[in-house]
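What follows is each chain in one-letter form.
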Amino acid sequence: MIISSTKDYRKAAQRRLPPFLFHYIDGGAYDEATLRNNVDDLSKIALRQRILKNMSDLTTSTELFGEKLSMPLALAPVGLTGMYAKRGEVQAAKAADKKGIPFTLSTVSVCPIEEVTPAINRPMWFQLYVLRDRGFMKNVLERAKAAGCSTLVFTVDMPVPGARYRDAHSGMSGPNAAMRRYLQSTLYPHWAWNVGIHGKPHDLGNISRYLGKPTGLEDYIGWLGANFDPSISWKDLQWIRDFWEGPMVIKGILDPEDARDAVAFGADGIVVSNHGGRQLDGVLSSAAAMPAIADAVKGKIKILADSGVRSGLDIVRMLALGADACLIGRAFAYALAAQGQAGVENLLDLMMKEMRVAMTLTGVKSVAEISGECLVRAEKEL
Ligand code: FNR
């Protein structure tokens, strides 16, 4: 199969993964309207084509939180990445490292923090959820600090788990009989062998290290459901701000008021995100939310954005709308499932090329030059 885009990787991932995992990655909340809008709204952003501006010395490199990036992109935290390929977090982190961008380890990763950081040369980013068990939060924060993680990505758009119909059908949201059947079935021997899961519960590294016993995938939804904390507010975050000396990024912001609150709180960055359409269906796409947020806080805080980014062209669009950098979730998860580390490296190469083409044809030579000027006027407000 010829692979030249994220769409191709999606198809390849679907062939390779058991359905419960493919749909877990691919799906969104409720009727998936926000999931669709994330991609559609971004694709409708019209760029201004510019010509004959001698673009020979163009560069996609940039700096973020004192780190050099080959392009304004990081891998988003994606739970269960180690189930899409063997020791998947390590493979994805190595690919990001090789291509010069940050990798973010999810709280709910298969490989624990301590397994991933020694495998890469650049500092890892670590993502934390708001959980009832503050002992767990403290434990992983201490471990992330000890392991030399640079940036903390604090995800705030999951005080409750979203309703995901696809997961209900596939067995991913429990009761978990269907999932157990997949884990023990011989229907996907290649996947089971590749991921090293066959016949065994799969271990969620960060959680099991804290609990002192293995946690299988069967426990995943139950643990998550029991642990998300709807009582959280800004003042509860102060101890984390005090504890974490490095950059702290608040992930899951869609409203300019919340973006202003993040600045007032003292965050170093925000991620404009609707969790890839996986939480509240019906909220704005990130592309649609971006202009008002950029108006409110651009220059006061770093604005990262995700949800719907599928190509280098999309990165340029998101930056033109006001972001300083983007994250990708599904795109790299598909590539990892399809071809492991090599797939993620190839995807990042594709995105870099697409970015260069988009910059050349919009007449911008550096990331700093990408602005609203790259957009056709009417498109600035969706
Ligand atoms: C996620 N996302 C996510 N976010 C987070 O903060 N912690 C997590 O553990 C996860 N887990 C997760 C699993 C899967 C399968 C997906 C697809 C997403 C959200 C993720 O970080 C990011 O916000 C979205 O994936 C961005 O949207 P796109 O790039 O998938 O459109």
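Below is a summary of the structure that appears in this document. (Residues numbered from 1 in each chain as written. Predicted model: local features only at pLDDT ≥ 70, side-chain atom pairs only at ≥ 80, totals over all residues. Heavy atoms only, no water.)

1. Comments concerning the packing of aromatic side chains
Note on aromatic pairs: each is described by the distance of the centres and the angle between the planes. Short version of the rule: Here a Phe, Tyr or Trp ring, Trp counted by its six-membered ring, pairs with any other such ring whose centre lies within 6.5 Å, and the pair is stacked when the planes are under 30 degrees apart, edge-to-face when over 60, and tilted otherwise. Labels follow the DSSP assignment, with helices taken as runs of H or I lasting at least four residues and strands as runs of E lasting at least two, numbered in each case from the N terminus. For every residue, the accessible area (1.4 Å probe, protein chains only) is compared with the maximum for its type, and the residue is labelled buried under 20%, exposed over 50%, or partly exposed between those bounds.
On inspection of all chains with the given rule, the structure shows six aromatic pairs. A centroid spacing of 5.1 Å and a plane angle of 90° characterise the contact between Y129 and F228, whose relative ring orientation is edge-to-face. Pair noted here: Y129 is in strand 5 (residues 125-129) and F228 is in the loop between helix 11 (220-227) and helix 12 (238-243), with a separation of 99 residues, a long-range link. Note on accessibility: Y129 and F228 belong to one class, buried. Measuring from centroid to centroid gives 5.4 Å for W234 and F265, while their planes differ by 40°, and the two rings are tilted. Highlighted residues: W234 in the loop between helix 11 and helix 12 and F265 in helix 13 (residues 256-265), separated in sequence by 31 residues.

2. Describing the sheet that holds strand 4 (residues 104-105)
In plain terms, the rule: Here, a strand pair is defined by DSSP locating no fewer than two bridges between the strands. Any two residues whose heavy atoms approach within 4.5 Å at even a single point are treated as in contact. Under this scheme, a helix contributes an axis fitted over its contacting stretch, all axes are lines through C-alpha atoms, and angles between N-to-C directions fall in the 0 to 180 degree range.
Read from one edge of the open sheet, eight strands run 3-10-9-8-7-6-5-4, paired in parallel fashion. On the outer flanks of this sheet lie strand 3 (73-75) and strand 4, each paired with one strand and no other. Across two bridges, the pairing between strand 4 and strand 5 is parallel. Residue pairing in the sheet places L105 in a bridge with F126 of strand 5. The sheet contacts of helix 14 (residues 286-297) involve strand 7 (248-253), strand 8 (269-272) and strand 9 (302-305), and relative to strand 8 the element is tilted by about 155°.

3. Brief notes about the pattern of salt bridges
Test applied: For this document, the term salt bridge refers to a Lys or Arg side-chain nitrogen within 4 Å of an Asp or Glu carboxyl oxygen.
Considering all chains together, one arrives at 19 salt bridges under this definition. R209 is paired through a salt bridge with E114; the nearest N and O atoms lie 3.4 Å apart. Of this pair, R209 sits in helix 10 (residues 205-211) while E114 sits in helix 5 (residues 113-116), and the two are 95 residues apart along the sequence. A residue is classified by how much of its surface remains accessible, and E114, at 29% relative accessible area, is partly exposed. Residues D229 and R134 are paired through a salt bridge, measuring 2.8 Å at the closest nitrogen-oxygen approach. Highlighted residues: D229 in the loop between helix 11 and helix 12 and R134 in helix 6 (residues 134-146), separated in sequence by 95 residues. Taking the relative accessible area as the measure of exposure, D229 reaches 4% and is therefore buried.

4. Remarks on helix 2 (residues 19-26)
The buried fraction of helix 2 amounts to six of the eight residues, a majority that puts the element mostly inside the structure. Where helix 2 is concerned, the buried positions are F20, L21, F22, Y24, I25 and D26.

5. Things to note about the nonpolar core
The cut-off we apply is this: Each nonpolar core is a collection of buried residues, namely Ala, Val, Leu, Ile, Met, Phe, Trp, Tyr and Cys, held together in the definition by side-chain atoms within 4.5 Å.
Counting 119 residues, the largest nonpolar core has L75, M83, Y84, I250, I270 and I328 as its most contacted members. A per-element tally of this core places helix 16 (residues 330-362) first, with 16 residues. Listed in part, the 12 residues of the second largest apolar core include L69, W125, V249 and L304.

6. Thoughts on the pairing of strand 7
Quick reminder of the rule: Note on handedness: a crossover is taken as right-handed if, strands pointing away from the viewer, the path from the first strand over the helix to the second is clockwise.
In terms of burial, strand 7 is a largely internal element, six of the six residues being buried. The pairing of strand 6 (residues 151-155) with strand 7 spans four bridges and is classified as parallel. Across the sheet, the residue bridging to F154 is I250, located in strand 7. Strand direction decides the pairing type here: strand 7 and strand 8, joined by four bridges, are parallel. Residue pairing across strands places I250 opposite I270, the latter belonging to strand 8. Taken together, strand 7, helix 13 and strand 8 form a β-α-β motif whose crossover is right-handed.

7. Some words on the side chain of N274
Worth spelling out the cut-off: Whenever a nitrogen or oxygen atom comes within 3.5 Å of another N or O atom, the pair is scored as a polar contact, on the condition that within protein one atom can donate a hydrogen and the other can accept it, and that pairs from neighbouring residues in sequence are kept only if both atoms are in side chains.
With respect to the helices, strands and loops of the structure, N274 is situated in the loop between strand 8 and helix 14. A polar atom in the side chain of N274 sits 2.8 Å from the side chain of N38. Side chain to side chain, N274 and S307 meet in a polar contact 3.1 Å long. In this view, N274 contacts T34, N38, D157, L254, Q279, V283, L284, S285, S286 and S307; residues no more than four positions away in its chain are not counted.

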